[in-house]
Structures are given as C-alpha cells and as structure tokens.
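Next come the chains, spelled out residue by residue.
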Number of protein chains: 2
Amino acid sequence: MSTALSFEPTNYQPPAWEAIVDAHTRIAPRIHRTPILASMSLNALADARFFFKCENLQKTGSFKIRGAANAILSLSNEQAARGIVTQSSGNHGAAVACAAAWRGVPAYIVMPRNAPKVKIQAIEAYGGKITFCEPKVSSRKETCDRVQAETGAHLVHPYDDDRIIAGQATAAKEFLEEMPDLDAVFAPVSGGGLLSGTCLGAIGIRKDIRIIGCEPARADDAYRSLTTGTLQSLESSDTIADGLRASLSPRTFAILRKHVDRILLVTEEEIIATARLVWERMKIIVEPSSSVALAPLLKPAAVKSLNLHSRADGQPPKLGVIFSGGNLDLNALPWLS
Amino acid sequence: MSTALSFEPTNYQPPAWEAIVDAHTRIAPRIHRTPILASMSLNALADARFFFKCENLQKTGSFKIRGAANAILSLSNEQAARGIVTQSSGNHGAAVACAAAWRGVPAYIVMPRNAPKVKIQAIEAYGGKITFCEPKVSSRKETCDRVQAETGAHLVHPYDDDRIIAGQATAAKEFLEEMPDLDAVFAPVSGGGLLSGTCLGAIGIRKDIRIIGCEPARADDAYRSLTTGTLQSLESSDTIADGLRASLSPRTFAILRKHVDRILLVTEEEIIATARLVWERMKIIVEPSSSVALAPLLKPAAVKSLNLHSRADGQPPKLGVIFSGGNLDLNALPWLS
C-alpha cells in the first residue's frame, strides 16, 4: 500500500509474485482476458513468429484498467470514501474513472491540456471530474497535489505505485500462462508501469525470458535512464504516441534496471506506419503508443540483431508484443493528417 | 461435389453435419479459430448480451477463407491442376487466391469494376489473376463462364456450392461449441453462403436456436425472397456494404427458407454509424458488410421485438453476431467521406 510519498529507493522491494496473483484474482471478474492474436503477414516481414497480447481490446480500451482496478478494489471503504485522484494523459484517467464508478466513489482526474479529445470524452463518459493542467511534469504534479488537498481523495499514481505495477503485471502473466515458450516480450515504456509489471509478470513464470522496452525517440527518458544508470526525466514531449509522454519513476526505474534487456527507440514516422500496418493486416485498432512496441522489430535485420535466433527447434523466435491500447480519434487518423 | 450447373432444387439435400465436421477438420490447420469478443458498452445500448464471432480477424480478413479452403483443399490434383476460377466482389476472390496459392495452382478471379481498390490489391497480393466485368449479375456470370472455358480452371462458385456452404458453416460451429447457450445468431446475407452455413452449423449443435439474417435495404433480395416465397434477385446494388451486393442462389434459398427466422433490413446510414460504433467501442475494424449484422439490433426496442426475452435465468438474451470481414480502404473511411 505504499505510495510515491513514502518511497525509499534503497529499501525498495518490488511487488512479490503473490501480490501479482492476488491482483489477478481481484480484477479477473471485472476485466477481459484479452485474446492473443497472430498474423502471418507480419511474421513474413520480420522473420519472426509474433504473438500479440491485445490490451487494446481490454475494458476502457487499454491495459490501464488492470492497475487501476487492482488499486481501487483493494481500498477499504474508508480509504475510498472521498474518492480517487490521479494524473493521466488519458488512458489511466479513464481506467480510474471506470474503477471508481464500480466502487461508487468520485474520480478526480488531472489531465494535460493537450490530451486527445477522445480520451477526455471517455473520462467524462465514466463520470470522472477533470481538472486541466499544463502539459509538463511539474504542472501535473502540482495540480494533482492541489486537487488531492482540496478533496481528500485517495491518490492512485499512474505508475509509481506497487498496486498499479502488480495490476499491470497481470497482462504478462496471462500472456506467459498461454504462451510459456515466448523468447522475449516487448512492451512500450512511458512511466514504466506496464514495462515493470511485464518484467515481474513474465519472469515470474519464465525466469530466462528477455524483456525489451520500446520508446519514441522523442520521449527517450527510459533509454537514457538505462544507458546512464541515472533516472532521467522529460519536462514535456510532443510525440504522437500520446500515452508515452511521461517519465520513469524511482520504483519503475529500479525494476527496469534489474530486469529489462534493453530499450529500442523509434521515430514518429515508424510509429505511424506501423500503426497503419497493424490496422490493415490485423484488423484491430491500435493507438500510436501501442505500435511503438512493434515498430522497432520491423526494421531490416532488427530481430536478427537481438540474437534471439538460437531456439532448439531451429524456428524463428517467438516474440510476444503487448498492444497497450486502442483509444484515438477516428475522425483524425495519424496517416491522414 | 455438385455445382450450380447440376443443381436440382426438388432433390436438394443440403450438406449434412458430417460434411461440416469434415470441412472443419480439413481447414482447421490453415485458418484462425477466431476470438469471440464482448462489449459491455454495446450491451448497454440494446438490453442484450452480445457475443461477436470475429471473422474480420480471420485469415484474408474475412470468413470467406473457410469455404474457399474447404473447396480447394478437397480437390484431387487432377481437378486442381488447371487452376481455380470464380467471381467475387472481393473477399471470396482473396480467399480463393490464397487457398489456390496453398495448392500451388493459379486463381482466376472475375470482379466487378466497382470493387474496392483494397480488395483488388489483396487478390493481386495473393497472386490472383483478375478479369474485370460490369457490376451486374449477368455480366459476372458471362465473364466467369468465358474465363472458365478459356482456362479449363475448376469453378468454385462464391456460394451456390455445397463445399462452400459447409466451409462457411464452420464459423457457427465454432461459435456454438464455445457458446452453446446463445439464444440467436445474426449474420449478414448476400448470396447466402454465410447465412445458410450459419443455419447448418448452429442448428447442428443447438436445434432450437434462432437464426436471423441482416441485409441492406438497398440490396433486399433475401428479404423479398423469404417474404414472397419465390427466389428474387438484384441486377445490381450500390449499397456501401460492398460484400452484400449479390443475390441468393437456389441452394442458399432452399436452406434459408427452411431455417431462417426472418431477415432484418438496415439503411445505409445505420450501416455506417454502426461500423463506426464498433471501431470506437470494440477497437476492431469491421467493414460495412459486417456491421449490417449488428445495426438492426441497435434500433429502439429492436431486441425486445424479437421476443427473445424469455430466458429461464431472467437475464437479457445472449445474441451471437458474426462479423464477416474487415477489409476496407483505411484512407477513405465511410464516415469521413
């Protein structure tokens, strides 16, 4: 039940496997066990066997409901009584608003002014009360602190929270339960909630699996943090992957340093082209933040350079990709603007 | 192994359950067992519990690969040697080209000139050889006959063929295997291959299930055929549901007359609005022909008027909807034109 305020990096113990199993038991009746899809035509482009965990088909349109539901459903009535407060670029806000509605308590969502309109509308549709802030880390935090002070609501940080990390870990847990022989799992990284959860959820089932993070070059704080060994942050980013504009936190950085193999960077053009390719070939809607996890693998020789071609069966590697969400404006597609 | 040429309506015996089981065994190693998805927000719009069999996520982007693969994989080497010929507005053509490529034989596809460009490109990508015709039933048939005479290729009619009907039936078979307590199944109807197969595949597992066809009002031949008791046909149609511009055949009419509860009609506006709603809420790409099967159920009191609210458990009815395909031009979305 720790929060960012009480965090002590030197003593930090990430959520144990039992916390992930508990989270899964808590949220499973409320969420979708999302399908794992394959695509022969994408395999042919990369000499790999891809498997896609489709959290874009999850309730609220992203994996974020896993962590939010775990945090909010685990609160006592007293803790939940004055509502939930959080900051979010959109998907975590919708998830918090949805899970707070399940508890019958208010949700106060602090959002940057440049958040996509459809994400604002989704939060409103779940009954969330929105306060806008400037699109900067400092403004997000200040505004969130102020709303918390005014309302007395319980803070559910979007990623620097063990309950969130344990909840997000359940996606990789489901993935590995169904596909225990994956060679590697790829997930997008922003604040690191999904990626750190993916480490814990996947490694808890298969110790030697490789976990690789994927990040827009225009929001490369995780890449720089892992390269330098020091937590880096972005004051702001304008990447089209609007879900990936946040920076790692002490908790997520600690987990990623220990477990993540590497971070791969992609350009804006690669993000958009890959999103369109997934729509066209797989007939599913992924937002740009999702396609970030596939984009680096479609570059020439990219899969080969990861040295994963060492399977005993001589077949191309089995690569698990987590599609994080599918929320975007259907009237303004990235490749038409 | 009968074809349209040898059809005798008075003696017609539709494919038996064994033929459907054989078809499934034949094609299962080659196709996807497509996921069945649910959406709470769509349920809330109709006071129903919807389950969607997602053939838009099938190989080649539509259910058509089921019938085409069954027909083409069941041919002897001698029958297949000179290739396969068919006529199609697009999805059946892509399926035939794909399955013919698996057999290593040529595919000759006769298409109307107004077929969507993306469907033409898909056929070419599978190596199909296209001959264009006028967008009329008579021109389609004449051109197909001519290409068949010139090439000596084996005809695989898009729906007036028992091998096709048995193949399409495997979608409903999978659906009922996983969801045996569905109260009704809804499928779009054009030539009637999917809908007649849905009758046989669903009723083979659950005798008292209701099967309902859904059709654009601008291509209402099945509605008129079942209402009048006489096979009606369209010379042409310009419905945006480009996969539903064909007319019933003697075989499919015989099966529908016996098993289909009714046909529901929808306007062009309803088709487009429902497609957009599915994209937005479910994060999957359905082409307009797919959304035809859901559109009639979202009208006020539509589900209630079907008198399905008689479940022993007092819960809203469980309605199975088959999403037939997901092939459309991502640069020209119906709601943006």
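Residue numbers restart at each chain and count upward from 1, following the sequence in its written direction. As a convention, the first chain written is A and the first ligand written is 1, with the rest following in written order. Local features are withheld for residues below a pLDDT of 70 in this predicted model, meaning they are given only at 70 or higher, and side-chain atom pairs are given and counted only at 80 or more; totals for whole chains, interfaces and linings count all residues. Only hydrogens and water are set aside when side-chain values are computed; all heavy atoms of the structure are taken into account.

Peer 1: How should the nonpolar core be read in this particular structure?
Peer 2: Considering soluble globular proteins, one finds that nonpolar side chains tend to be buried as a cluster. As used here, the term nonpolar core means buried Ala, Val, Leu, Ile, Met, Phe, Trp, Tyr and Cys residues forming a set that is joined through side-chain atoms within 4.5 Å. Only protein chains enter the area calculation, which uses a 1.4 Å probe; residues under 20% of their type maximum are buried, those over 50% are exposed, and those in between are partly exposed. Ranked by internal contacts, the top residues of the largest apolar core, which has 80 residues, are Trp279 of chain A together with Trp279 of chain B. Ignoring sequence-local partners within four residues, the contact set of Trp279 of chain B consists of Trp279, Ile285 and Leu330 of chain A together with Ile284, Ile285, Val286, Leu328, Leu330, Leu333 and Trp335 of chain B. By definition in these notes, contact holds between two residues if any of their heavy atoms fall within 4.5 Å.

Peer 1: Help me understand empty space enclosed by the protein, please; the structure alone is not making it clear to me.
Peer 2: Gaps left between atoms show up when a probe the size of a water molecule is rolled over them. All names here are of chain B. Site definitions follow a grid-based scheme: protein atoms alone, a 1 Å grid, a 1.4 Å probe that fits but cannot get out for cavities, and for pockets an open set with protein on both sides within 12 Å along at least five of seven lines, plus lining residues having an atom within 4 Å of a point. Grid points are joined across faces, edges and corners, and a volume is the space filled by probe spheres set on the points. Going through the model one piece at a time under the given rule, you end up with two cavities of 30 Å³ or more. By volume, the largest cavity amounts to about 320 Å³. Around the largest cavity, the lining is made up of 28 residues, and of these Phe63, Lys64, Ser190, Gly243 and Leu244 lie nearest the centre. For the purposes of this entry, the term helix denotes a DSSP run of H or I that reaches at least four residues, the term strand denotes a run of E that reaches at least two, and both are numbered from the N terminus. Going through the elements one at a time, α5 (91–103) and α9 (193–203) are the ones with two or more residues in the lining of the largest cavity. Residues are grouped as follows: nonpolar covers Ala, Val, Leu, Ile, Met, Phe, Trp, Tyr, Cys and Pro; charged covers Asp, Glu, Lys and Arg; every other residue, Gly included, is treated as polar. Classifying every residue of the lining of the largest cavity gives eight nonpolar, 14 polar and six charged. Considered as a void within the structure, the second largest cavity measures approximately 90 Å³ in volume. Considered class by class, the residues forming the lining of the second largest cavity number three nonpolar, three polar and four charged.

Peer 1: Mind showing me how you'd approach the packing of aromatic side chains here?
Peer 2: By convention here, two paired aromatic rings are described through the distance between centres and the angle between planes. Working definition: a ring pair exists when centres of Phe, Tyr or Trp rings (six-membered ring for Trp) sit within 6.5 Å. Plane angles under 30 degrees give stacked, over 60 give edge-to-face, the rest tilted. For the coordinates displayed, the defined rule picks out seven aromatic pairs over all chains. Note on Phe52 of chain A and Phe323 of chain A: the rings are 4.8 Å apart at their centroids and 10° apart in plane angle, and the pair reads as stacked. A residue pair is termed long-range when its members are at least 10 positions apart, and Phe52 of chain A in strand β2 (residues 49–54) and Phe323 of chain A in strand β10 (residues 318–323) qualify at 271 residues. For Phe52 of chain A, a relative accessible area of 0% gives the class buried. On the basis of an interplanar angle of 35° and a centroid distance of 5.6 Å, the ring pair of Phe50 of chain B and Phe52 of chain B is categorised as tilted. Here Phe50 of chain B matches Phe52 of chain B in class, with each residue buried.

Peer 1: In this structure, what is going on with unusual backbone geometry? I would like to understand it.
Peer 2: Most peptide bonds are trans, and most residues other than glycine sit at a negative phi. Residue and element names in this part refer to chain B. You will see that Asp47, though not glycine, has its phi angle at about 50°, which is positive. Summarising the element assignment, Asp47 is placed in the loop between α2 (40–46) and β2 (49–54). When its relative accessible area of 47% is taken as the criterion, Asp47 is described as partly exposed. One non-glycine residue with positive phi stands out, namely Ala301, at about 65°. In this structure, Ala301 sits in the loop between α13 (288–291) and α14 (302–305).

Peer 1: Help me understand the packing of helix α1 (residues 17–27) of chain B against helix α8 (residues 162–178) of chain B in this model?
Peer 2: For any two helices packed against each other, one specifies the inter-axial angle together with the distance between the axes. All names here are of chain B. As a packed pair, α1 and α8 sit with axes 9 Å apart at the nearest point and diverge in direction by 90°. By the angle between their directions, the pair α1 and α8 is classed as roughly perpendicular. Residue-level inspection shows Trp17, Ala19, Ile20, Val21, Ala23, His24 and Ile27 of α1 in contact with α8, the latter providing Ala166, Gly167, Ala169, Thr170, Lys173, Glu174 and Glu177. Taken together, the residues that form the contact of α1 with α8 break down as eight nonpolar, three polar and three charged. All axes are obtained by fitting lines to C-alpha atoms, using only the stretch in contact for helices, and the reported angles, taken between N-to-C directions, cover 0 to 180 degrees. By definition in this entry, angles of less than 35 degrees are roughly parallel, angles greater than 145 are roughly antiparallel, angles of 65 to 115 are roughly perpendicular, and the rest are oblique.

Peer 1: Would you take a moment to explain the environment of Leu226 of chain B for this structure?
Peer 2: All names here are of chain B. Here Leu226 shows up in helix α10 (residues 221–228). For Leu226, a relative accessible area of 24% gives the class partly exposed. Considering only alpha carbons, one finds Leu226 and Thr151, 75 residues apart in sequence, at a separation of 37 Å. Sequence-distant contacts of Leu226, that is, excluding residues within four places in its chain, are made with Phe253, Leu256, Arg257, Val260 and Ile263.

Peer 1: Explanation requested: the sheet that holds strand β8 (residues 210–216) of chain A in the structure shown.
Peer 2: The strands that make up a sheet pair up through hydrogen bonds in the backbone, lying either parallel or antiparallel. All names here are of chain A. A strand pair is defined by DSSP finding two or more bridges across the two strands. The strand order across the open sheet formed by six strands is β1-β2-β10-β7-β8-β9, and the pairing between neighbours is mixed. The two strands at the open ends of the sheet, each matched to only one other strand, are β1 (36–37) and β9 (260–266). Two strands pair when backbone bridges link them, and β8 and β9 are joined in this way by six bridges, in the parallel orientation. Opposite Gly213, over in β9, you have Ile263 as the bridge partner.

Peer 1: Where do I start with helix α7 (residues 137–151) of chain A in this structure?
Peer 2: Working note: α-helix, 3.6 residues per turn, so residues spaced by three or four point in the same direction. Residue and element names in this part refer to chain A. Expected helix span is given by 1.5 Å per residue-to-residue step, counting one fewer step than there are residues. For α7, built from 15 residues, the straight-helix expectation of 21 Å at 1.5 Å per residue is met to within 8% by its first-to-last C-alpha distance of 21 Å. Taken together, the buried positions of α7 are Ser139, Arg140, Thr143, Cys144 and Val147. Taken around the axis of α7, the buried residues stretch over an arc of 125°, which confines them to a single face. Residues Glu142 and Ala149 are exposed on α7 and point more than 90 degrees away from its buried face. At its buried positions, α7 is contacted by β3 (84–87), β4 (107–112), β5 (129–133) and β6 (154–155). Of the residues trailing α7, Gly152 is marked for its positive phi of about 70°. Summarising the geometry, the arc corresponds to the directions from the helix axis toward the C-beta atoms.

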